[in-house]
Amino acid sequence: MSAVDPVSVIGAKRDGRELTTAQIDAVVHGFTSGTVAPEQMSSLLMAIVWRGMSRRETADWTAAMIASGITVDLSGLERGGRPLTTVDKHSTGGVGDKITLPLTPLIASYGLAVPQLSGRGLGHTGGTLDKLESIPGWSAQVSPERLRSQLSRVGAVICAASDQLAPADRALYALRDVTGTVASIPLIAASIMSKKIAEGTEALVLDVKVGSGAFMRTYDDAADLARAMVELGTDAGVRTSALLTDMSAPLGRSAGNALEVAEAVEVLAGGGPRDVVELTLALAREMLDAAGLRDVDPAEHLAGGQAMDTWRAMIAAQGGDPAASLPEAVHREVAVVSESGYLARLDALAVGLAAWELGAGRSAPGAAVSAGAGVTWHAAVGEPVVAGAPLLTLHADDPARFDAALARLEGAYEVTATAPTDVPPLDRVLGRIGP
């Protein structure tokens, strides 16, 4: 790695010039090795926030973060002598977004391999691993050897990503978090895609959320992020596309850990909330198409039980008991409808923050979460409600948490005399970006 003066790199970006590949390689490597000081990287990150990065610069930044650690080799996977195509999905995070849980076994049930390396939640967006860890016995820790073996046997793995996967991203994100430099589309895109590309999948579908419960509040910002990530995947040789989906209202009927697992199992059994089912199917069609399966209807494997069979095999392979009862919170508090009419609004962010207050989320990495805590809602936006009927049920192990959760929900919902006309689409899909 050739020596590059970080001050000159900061000055180049401050003045609006493109950084060279060598400059990017040097500063990313230097920061992770300790030769570029945090205050120097902070200055460069702020310059990037203000000046942006070109497609080539963003690709080089992503490649440098990938090169800081290991990559997963998924080549040569097969079952019964037949090669397995790998396809993955990533969501930018939302409230009640349990789609990974039914989607992963559904896609695997078609003879594909789905290496879903996931994370834990922080703040109001729940983590996939937190949800699955509410299943008795289930473990998120899967070695590279077990990953390949389980993909070959079952086709589906949801597990924790290795700390050695793009470690530069972890260090850079921690710095961005405390220096006000998170809000940069090139940096966000590179952060997400460095890990997804390092996972070694052949095809990738992105679910980019839009709305109050999402990181990107406007469609235009979400589309810019989706476009940047699709470009990064394409440039790295990964077949990549993105769906932009609505997160103005929470997804499904629950936000929590065990609560969302239970809802996902309902979907796998052929039921569940219609918006969860329809978004699962929309993403499934996109993933199947990316893997070359264009003439299949994924709804058939939900109705026929093949997706449920794969779910049970996947959970059991990671030590879980798919038949075990899920944890339930000790205490419940119910908010009732004050007047009859139609639920015109249910703010996703407020519901997510209420679930966090109840113990379903964490405010610091590594903090414990409650498996049974969360919020369930008894009507979706656009549906009729009756005065005195339950609207929201709050679940907590500690009843002292209810007051703070209820405070988060003040003004979060609205009931109108007539049905609203601006409800989210049933499948939540607002747009698509990709080939």
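Residues numbered from 1 in each chain as written. Predicted model: local features only at pLDDT ≥ 70, side-chain atom pairs only at ≥ 80, totals over all residues. Heavy atoms only, no water.

The name that an unreviewed UniProt entry assigns to the protein is Thymidine phosphorylase, with the source organism given as Gordonia iterans. In its Subunit (unreviewed entry) section, the UniProt record describing the protein reads: "Homodimer." (UniProt positions renumbered as here; feature names shortened; annotations may be inferred.)

A. Region of the structure containing the sheet that holds strand β8 (residues 254–256). Here we have four strands laid out as an open sheet, ordered β8-β11-β13-β9, and antiparallel in their pairing. A strand with exactly one partner marks an edge of an open sheet, and here the two such strands are β8 and β9 (331–336). Taken over all neighbouring pairs, the strand axes of this sheet differ in orientation by 15 degrees on average, direction set aside. For strand β11 (residues 374–377) and strand β13 (residues 390–396), the ladder comprises four bridges, and the chain directions are antiparallel. Within the sheet, the bridge partner assigned to T376 lies in β13 and is T393. Where helix α15 (residues 348–358) meets the sheet, it contacts β8, β11 and β13, and its direction lies at approximately 140 degrees from that of β11. (Pairing = 2+ DSSP bridges. Helix = DSSP H or I, 4+ residues; strand = E, 2+ residues; numbered from the N terminus. Axes fitted to C-alpha atoms, helices over the stretch in contact; angles between N-to-C directions. Contact = heavy atoms within 4.5 Å.)

B. Representation of the side chain of S254. Within the secondary structure, S254 sits in strand β8. Looking at S254, its side chain comes within polar contact range of the main-chain oxygen of L259, at 3.4 Å. A polar atom in the side chain of S254 sits 3.1 Å from the side chain of E263. (Polar contact = N/O pair within 3.5 Å; in protein donor to acceptor, adjacent residues only side chain to side chain.)

C. Just the domain arrangement of the protein, in detail. Along its sequence, the protein is organised into domain 1 (6–52), domain 2 (78–324) and domain 3 (331–416). For domain 1 versus domain 3, the distance between C-alpha centres works out to 43 Å. (Domains from an automatic or database assignment.)

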